Structure formats: structure tokens, C-alpha cells
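So the chains spell out like this:
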Amino acid sequence: MTMNQPQLLNMGDGTAVLSTRERGKAAADRVQEALDQGSVVISFKAVEVATPSYLDEVVRRLGGLLRGNEERVVVITETNEDVAESLELVLEKHKMALATVKGKQLELLGGSAQLKSTLAAAQQMHGFSAADLAKELEVKLPNLHQRLKGLMEAGAVSRAADESATRGTRHRYETAQVTLNK
Amino acid sequence: MTQIHFLTKNPRGRHALRHLLSPPASGSVDDPDLEIDASVTSVVDAFTGAVTMANVEHHLARPGKKRRATITPPRSGDVLGRFCTMLWEPPAGSELELPDGRTAPVRDPRVLIPAMRVASMEEADALALFLKATSQRSDLGTARLAPSQAGLLATALPDLVHNGLKHGSASSCGVIVCAALEADNLETQLVVSDLGTQVVRGGDAIGILREAWARSREDLGALFYLTERAKRSDLDISVQIRTGNAAGRWRNRWNAEQAEFTPGWTASVTLHR
């Protein structure tokens, strides 16, 4: 498996209710194992209820694993309104954000309005450089780098060294949506 | 010999908790038969159901003798169906004794979860799903819960039960759950009770309650989650905890105070409309 080939992880696996910290820890182990291999799509398909204690364990582990992340994308999919609402609350507590797919759009669960608008603009550009996006958003480059760091730690954006750069180290960025569609 | 325990006319909310049977003192009379007489009761809520079931389970679980429990339902026709629905399936060794000539009343659909002992997290999870579905049934008409309200209660239930199973493991009645729409349809209650002995008479119940609330804030426990999610979803809820000589209540803000003694630990959520 290559680093960016996303692995699908079904949180429910036939269980409609996800509860307790102990089970959350076991789920966090599965997430960690998958993330060690590369990008991950975490699906809550057929999950009706996920308790905050369960989600807290998963989110906390993800927060640790994605700190300083550059290469991996993590996308949450198929959450019902309840699960999404609970996830947002848990993410808010940890001052975190995670990427999610709503319809065909990539969005953020948690995170600031600024981070959300940056992701929305990044999605229009597919592959992009930081300078391109800074120009598009009319923000200074250091400011944009901060936002991109936040989006990479949310698993919403990944980056790789730009081989075509002639001077210094340059990166090309991709949103998770692009990675998933590959 | 039979120990008779009378329910009052209005055993709801904190008034219901007064009826919880404390573990008997050593050397006290130990009757093998318990009769819970609700014949004069005219209104009941989820607290009434939870407390009655807790008392039955507590009595049957006491060691040493072959025990029986009998529940005499209210005489009043208005409340009979509601009471019997709450205690529809009393545990083995106990029975609902309908008055002579009365047939089983029609079930009250506003009882969302009849009072029952929950022994495992698998059962708690199943109940959460059941509550989510049953509270949104179309036959409840305008009383049915909105998806966000049903989701809030269903999400809180497993963690509330888990708290009981973990911290009240010595509870003689196990963990009891009951949920119901109030008779006037203006409130929905979810009650989770145990008779754990962690907080005893004379202990620092308020201190324990404050610590539990602080821990819930820290670890995003069920109680704190309920209040945060209600604020986000603009739902009007109150959360109550009663244990030992302390009562904690949240309705927009948290408050803990001295109160009448309640054995064990009872946590409840009320959705107001």
C-alpha cells in the first residue's frame, strides 16, 4: 500500500451504538494502525449513536497522531446528525478540527470559520502552492502557512515536496478530496 | 410476614425518591414478602417507575430467603395504564396484581422505556436505540420528540448507565432505567438510578457531587455533554442528581445543595418544551 492510498475504516462494523471509553480506546487503536499505513477514511455508516466518551478516545488519539502531519489525510464520512453534533462538541473541547465529506463537498467538523473558508478556497484549486492560495485569499504567506498547518493537522490537506522547484524547498498541497478521488 | 410499602398520591420527581428503600440496618426485621401498594396514587412519572422497580429488585436481591414482591397498581383508571406500562415486566419473583375484575389496561405509548434493570452495556446500547426510535413514533402525535431531542437522550443514556455500572457496582438493585413523556406532554424524563453505597448517610455528598461534576467537565462525561449539547442545539433541559444528602441541578447553570437523604445515586434528564 502506498502512503496516500486511503484505507476505509468502518467504525460501526455492524454495531449501531458506539459507547464507553474502553471501546473507544479499542477503536482508537484501529485508527492508529490504519493511520500508520497512510491516509484513512473513517466511516460511521449505520451508526445511530456514538457517545461522547467513545468519541473522546478516538478524537484524542487522532489529535496526537496528526500533530505535525503533512502527508496523511483523514476524512470522516457518513455521520448522521447526532454523531456529527457529538463529534463537533468533542473536537471543540480539544480545539481540533477534522475533515468530513458532506454531499460531494469537503468540510470541517470543528475548527474556526477562517480555517473553513481556507479549506473551501483550497478545494476550488485542487493541487496548489501556498503562494497561489495566499494570493487567492488575499492573505500574507506566513498567515496562510498557519492555516495550512491547521488543515494538515485536521487531515484535510496533505503536502509533498514540489520536485519542479528550482530554488529551496517548495511544496504542493492537495485537499483530501483530491487524494480520495485519485 | 409481609412488609407493606405505600406509595403516596403524588410520588413524582424528588417525592418519588423518598420512597427508595435504603439497605436495611443489621438486626432489622427481614420480611420475605414485599408489597408495594400504589392504590391511592393518582399521578406517576419516570421517577415513580424507576423507584418502584429499584425497590422490587432491591428486595428480591437480598440474600437468605425465598422472596416475593407484589405491586398493587393505582385504583384510578387514568393512571392505571401508565403505571402498569412502566412496570410491565416485573422481574421473576414479583408480580403486578391487578384489582379484582380489572383486565390488563391499554399500554400508554408515552412510556418510552418501561422501568427495567440494565445489567450490561450491550443492554444499555440496545435501550439507547429503542429510546431514539420509540420517542419519535408517529402515534405520539404532537408529543413525539424532534430528532435532536431524541438523539440527545439516546446519546446520554449509555454513559449514564455506564456510570451506574462502574461506580454503583455494589448496588442491590443494579442500575434501573425508565423514560417517559409526562402526562401533560410538556416534559420528557430519562431517569437512571442505582443503590450504590459510595455515598452514605453523613458522608460528604455535596463534595462528591461537585467532584463528579468537575470530572464530567474534564472528561466530557454524560452530564456535561448533555448540558453542552443542549446549549448548542438550543434545547431547554434540566439535569438533576440526587445522592446522599446532596442535590445537584443544572438548568442553564450548575447548583449543588444540601437535600433530603436519597440512597444510592439517581441522575435524570428532563427535556422541557
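Residues numbered from 1 in each chain as written. Chains lettered and ligands numbered in written order. Predicted model: local features only at pLDDT ≥ 70, side-chain atom pairs only at ≥ 80, totals over all residues.

### Describing the sheet that holds strand β4 (residues 94–96) of chain B
All names here are of chain B. The line we're drawing: Two strands are said to pair when DSSP picks up at least two bridges between them. The helix and strand labels rest on DSSP assignments: H or I over at least four residues marks a helix, E over at least two residues marks a strand, and numbering proceeds from the N terminus. In this analysis an axis means a line fitted to C-alpha atoms, helices contributing only their contacting stretch, and an angle means the value between N-to-C directions, from 0 to 180 degrees.
Ordered in space as β1-β2-β3-β4, the four strands form an open sheet in which the pairing is parallel. Among the strands making up the open sheet, the edge pair consists of β1 (2–6) and β4. Taken over all neighbouring pairs, the strand axes of this sheet differ in orientation by 15° on average, direction set aside. Direction of pairing for β1 relative to strand β2 (residues 33–37): parallel, over a ladder of five bridges. When the sheet's bridge partners are listed, Q3 is paired in β2 with L34.

### What to know about the interface of chain A and chain B
Note the cut-off: Residue pairs are scored as contacts if the distance between their C-beta atoms, which are placed from the backbone, is within 7 Å. Residues are sorted three ways: Asp, Glu, Lys and Arg are charged, Ala, Val, Leu, Ile, Met, Phe, Trp, Tyr, Cys and Pro are nonpolar, and all the rest, Gly among them, are polar.
Across the boundary between the two partners, chain A contributes 17 residues, which contact 20 residues of chain B. For the side of chain A that touches chain B, the secondary structure elements donating two or more residues are α2 (52–66) and α3 (81–93) of chain A. Taken together, the residues of the side of chain A that touches chain B sort by class into six nonpolar, five polar and six charged.

### Some remarks on the environment of L157 of chain B
Residue and element names in this part refer to chain B. For clarity, the cut-off: Buried means a residue has 20 or more other C-beta atoms within 10 Å of its own C-beta, exposed means 12 or fewer, and partly exposed covers the counts in between; C-beta atoms are placed from the backbone.
Along the chain, L157 turns up in helix α5 (residues 147–167). Given 30 C-beta atoms within a 10 Å radius, L157 is considered buried. Between the C-alpha atoms of L157 and V269, which are 112 residues apart in sequence, the distance is 9.6 Å. With residues up to four places along the chain from it excluded, the contact list for L157 reads A124, L127, A128, L131 and L190.

### Re the pairing of strand β5 (residues 111–118) of chain B
Successive side chains on a regular strand alternate, one facing one side of the sheet and the next facing the other. All names here are of chain B. Extensive coverage of β5 is indicated by the burial of seven of its eight residues. Direction of pairing for β5 relative to strand β6 (residues 175–181): antiparallel, over a ladder of five bridges. Opposite I113, over in β6, you have A179 as the bridge partner.

### Things to note about the packing of helix α5 (residues 130–137) of chain A against helix α6 (residues 141–153) of chain A
All names here are of chain A. Where we set the bar: Angle categories are assigned with fixed cut-offs, so that under 35 degrees is roughly parallel, over 145 is roughly antiparallel, 65 to 115 is roughly perpendicular, and the rest are oblique.
Two elements in contact, α5 and α6, have axes separated by 9 Å at closest approach and are oriented at 105°. Relative to α6, the element α5 lies roughly perpendicular. Contact with α5, carried on its side by A130, A131, L133, A134 and L137, involves L141, L144, H145 and L148 of α6 and no other residues of that element. For the contact of α5 with α6, the class distribution of residues is eight nonpolar, one polar and no charged.

### Re the sheet that holds β5 of chain B
Residues and elements named next belong to chain B. Reading across the sheet, the five strands line up as β5-β6-β7-β9-β8 and stay open at both edges, with antiparallel pairing between neighbours. The open sheet has two edge strands with one neighbour each: β5 and β8 (237–250). Each strand axis lies, on average, 15° off the axis of its neighbour in the sheet, ignoring direction. Along the sheet, helix α2 (residues 46–61) makes contact with β5, β6 and β7 (187–194), crossing β6 at roughly 155°. Along the sheet face, helix α4 (residues 121–134) touches β5 and β6 and points at about 175° away from the line of β5.

### A closer look at the environment of A54 of chain B
Residue and element names in this part refer to chain B. Within the secondary structure layout, A54 lies in helix α2. Exposure remark for A54: the 30 C-beta atoms within 10 Å place this residue in the buried category. In this structure the C-alpha to C-alpha distance between A54 and A247, which are 193 residues apart in sequence, comes to 19 Å. Each residue touching A54, except ones within four places of it in the same chain, is listed here: L20, C173, I176, S193 and L195.

### Overview of the packing of helix α1 (residues 21–37) of chain A against α2 of chain A
All names here are of chain A. Here is the rule: With the far helix as reference, a near helix turned anticlockwise by less than a right angle produces a left-handed crossing, and one turned clockwise produces a right-handed crossing.
Where α1 contacts α2, the axes come no closer than 7 Å and their chain directions differ by 30°. Comparing their axes, α2 and α1 come out roughly parallel. In terms of crossing hand, the pair formed by α1 and α2 is right-handed. Each of R21, R23, G24, K25, A27, A28, V31, Q32 and L35 in α1 lies in contact with α2, whose residues at this interface are S53, Y54, L55, D56, E57, V58, R61, L62 and L65. Each residue belonging to the contact of α1 with α2 can be placed in one class, and the counts come to nine nonpolar, three polar and six charged.

Note that every value here comes from positions in space, so none of it alone points to a role or purpose.
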